[in-house]
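Residue-level structural notes
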Amino acid sequence: METIKIAFFDAKEYDRSSFINSNSNGEFKIKFYETRLSEDTCPLAEGFDVVCVFVNDDVNKAVIDKLKDMGVKLIALRCAGYNNVDIEYAYEKIHVVRVPAYSPYAVAEHAMALLLTSIRRIHKAYIRTKDFNFSLNGLTGFDLHGKTVGVIGTGKIGRIFIDICRGFGMKIIAYDKFPAADSGIEYVSLDEIWERSDIISLHCPLTAENKHMINAETMEKMKKGVVIINTSRGALIDSEALVEGIKARKIGAACLDVYEEESNVFFHDYSNHIVNDDTLARLISMPNVIVTSHQAFLTNEALKNIADTTFDNIREFFERDTCSNEICYKCANLANCNQAHEKKCF
Ligand code: NAI
């Protein structure tokens, strides 16, 4: 079989090293492009068998048509979420695979890191002591022990986050569209999550149905001072409503690893620029908001798993009739579409 050629979009330094390491025997021919995949950059995939993309590459209808015309056989997502791919349109045109799990620990641990940083004011203390300011004024936090955390989405990451919270002696309530039977988790309605939680952490995928699930109306139902953590997808939260909720002192703190307009700014250095996004600038200006730029996945373990699984996905697709990590709109709508995962989706 001829060497499989991969056009790798939105390549960062850490991607290159992990993918080059995992391909040390030169099994695949990889061309790394710094640019994202879009309608304009699509021609760069000419002559390649696979495009490898990440969370902010825009795989819309026009891109899918062009890739198909060029003879690209596979879209290999090197991430778990696939809301940036029009999977319904891709059906029967081009196959899509993803890395469903690479290190759920990385993301769950980052969520807890953000929470602890925020409520114990570590971000403030770090800057103070760097400047030899040893005052404690304004650094008072609160214990996590005994607090109620509402976890939305109890899949791989949500469950690990729950375990971590249990270790802190927190009370756990959860909401999931498909609750896990016999998990011992106390499932409640979304309204109960809003009403009872001291901390709310989002661990569900972004879908058309749950876009802006945290909005002005749902924030109204929350406890005063609630802490919101989002390591899932930015558009789960209406960011403008969040700004208003914080200004009104209803929301006590926000820990955001994702942001709904992140594709315009995240992963780039704009330290010498004026950022045009007023909502993001306002959020970052607030002392009780912590923003990291979609960094939760970024551990050595996760990067190795992402590269290894992506190559396994590609190998499986070209060498066998199965495609274990394929995703199509049918399996996305039926949480456990076994039929689809026994062989290729179409
Ligand atoms: P998973 O597929 O294992 O779990 C997702 C859970 O959400 C499932 O239990 C599912 O039933 C539930 N769910 C689906 N629709 C829902 C809805 N409308 N409301 C409530 N629950 C719903 O996914 P995993 O691996 O735990 O990842 C969760 C999310 O984390 C991903 O969708 C992705 O958006 C995000 N993520 C973020 C990363 C980062 O670096 N910040 C890295 C990896 C994932």
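Remember, predicted model here, so these are calculated numbers, not experimental data.

1. What to know about the pattern of salt bridges
Think of it this way: side chains of opposite charge can pair up when their charged atoms draw near. Enumeration over the complete set of coordinates arrives at 15 salt bridges. Where Arg166 meets Asp163, a salt bridge forms, and the shortest distance between an N and an O atom there is 3.5 Å. Here the residue Arg166 and the residue Asp163 both occupy positions in helix α6 (residues 156–167), the gap between them amounting to three residues, near one helical turn. Across the pair Lys221 and Asp191 runs a salt bridge, and its minimum N-O distance is 3.0 Å. With a gap of 30 residues between them, Lys221 in helix α8 (residues 216–221) and Asp191 in helix α7 (residues 190–196) connect regions that are remote in the sequence. The exposure class assigned to Lys221 is partly exposed, which follows from its relative accessible area of 33%. For Asp191, a relative accessible area of 34% gives the class partly exposed.

2. Some points on the domain arrangement of the chain
Here the domain parsing of the chain yields domain 1 (5–102 + 299–336) and domain 2 (104–291). Distance between the C-alpha centres of domain 1 and domain 2: 29 Å. Between domain 1 and domain 2, the residue contacts involve 14 residues of the former and eleven residues of the latter. Carbon and sulfur atoms make up 59% of the surface buried where domain 1 meets domain 2, a total of about 1000 Å² over both sides. Among the residues of domain 1 in contact with domain 2, Arg36, Asn56 and Asn83 are the three that bury the most area, contributing 39% of the side total. Our enumeration of links across domain 1 and domain 2 arrives at zero salt bridges. Its residues placed into classes, the side of domain 1 that touches domain 2 shows eight nonpolar, four polar and two charged.

3. Structural notes on the pairing of strand β9 (residues 226–230)
Of all five residues that make up β9, five are buried, and the element is covered over most of its length. Here β9 shows a buried face lined by Val226, Ile228 and Asn230 and a second buried face lined by Val227 and Ile229. As paired strands, strand β8 (residues 199–202) and β9 are joined by four bridges and run parallel to one another. Within β9, the residue paired with Ser201 across the bridge is Ile229. The handedness of the β8 to β9 crossover, carried by α8, is right-handed. Bridge count for β9 against strand β10 (residues 251–256) is five bridges, and the pairing is parallel. Residue pairing across strands places Val226 opposite Ile251, the latter belonging to β10. For the segment spanning β9, helix α9 (residues 239–247) and β10, crossover handedness is right-handed.

4. Considerations on the packing of aromatic side chains
Counted by the stated rule, this structure contains twelve aromatic pairs. Centroid distance Phe28 to Phe311: 4.8 Å. Interplanar angle 10°. Geometry classified as stacked. Of the two residues, Phe28 is situated in the loop between α1 (13–22) and β2 (29–32) and Phe311 in helix α11 (residues 300–319); the sequence distance between them amounts to 283 residues. Judged by its relative accessible area of 5%, Phe28 falls in the buried class. Of the residues examined, Phe311 reaches a relative accessible area of 2% and is grouped as buried. The interplanar angle of 90° and the centroid separation of 5.3 Å between the aromatic rings of Tyr91 and Tyr329 together place this pair among those described as edge-to-face. Here Tyr329 lies in helix α12 (residues 329–333) and Tyr91 lies in the loop between α3 (87–90) and β5 (95–97), a separation of 238 residues in the sequence. Among the residues examined, Tyr91 registers a relative accessible area of 16% and is labelled buried. The partly exposed category is assigned to Tyr329, whose relative accessible area is 23%. The ring centre of Tyr89 lies 3.8 Å from the NZ or CZ of Lys93, which sits over that ring. The ring centre of Phe317 lies 4.3 Å from the NZ or CZ of Lys344, which sits over that ring.

5. Observations regarding the pairing of strand β1 (residues 5–8)
With four bridges connecting them, β1 and β2 associate as parallel partners. The residue of β2 that forms the bridge with Ile6 is Ile30. Handedness of the β-α-β unit built from β1, α1 and β2 comes out right-handed. Looking at chain direction, β1 and strand β3 (residues 50–53) are connected through three bridges and run parallel. The residue of β3 that forms the bridge with Ala7 is Val51.

Rules behind the numbers
- Residues numbered from 1 in each chain as written.
- Predicted model: local features only at pLDDT ≥ 70, side-chain atom pairs only at ≥ 80, totals over all residues.
- Heavy atoms only, no water.
- Salt bridge = Lys/Arg side-chain N within 4 Å of Asp/Glu carboxyl O.
- Helix = DSSP H or I, 4+ residues; strand = E, 2+ residues; numbered from the N terminus.
- Buried < 20%, exposed > 50% of the residue type's maximum accessible area, 1.4 Å probe, protein only.
- Domains from an automatic or database assignment.
- Contact = heavy atoms within 4.5 Å.
- Buried area = accessible area lost by both parts, 1.4 Å probe.
- Nonpolar A, V, L, I, M, F, W, Y, C, P; charged D, E, K, R; others polar.
- Pairing = 2+ DSSP bridges.
- Right-handed = clockwise from strand over helix to strand, strands pointing away.
- Phe/Tyr/Trp six-rings, centres within 6.5 Å; stacked < 30°, edge-to-face > 60°.
- Lys NZ or Arg CZ within 6 Å of the ring centre and 35° of its normal.

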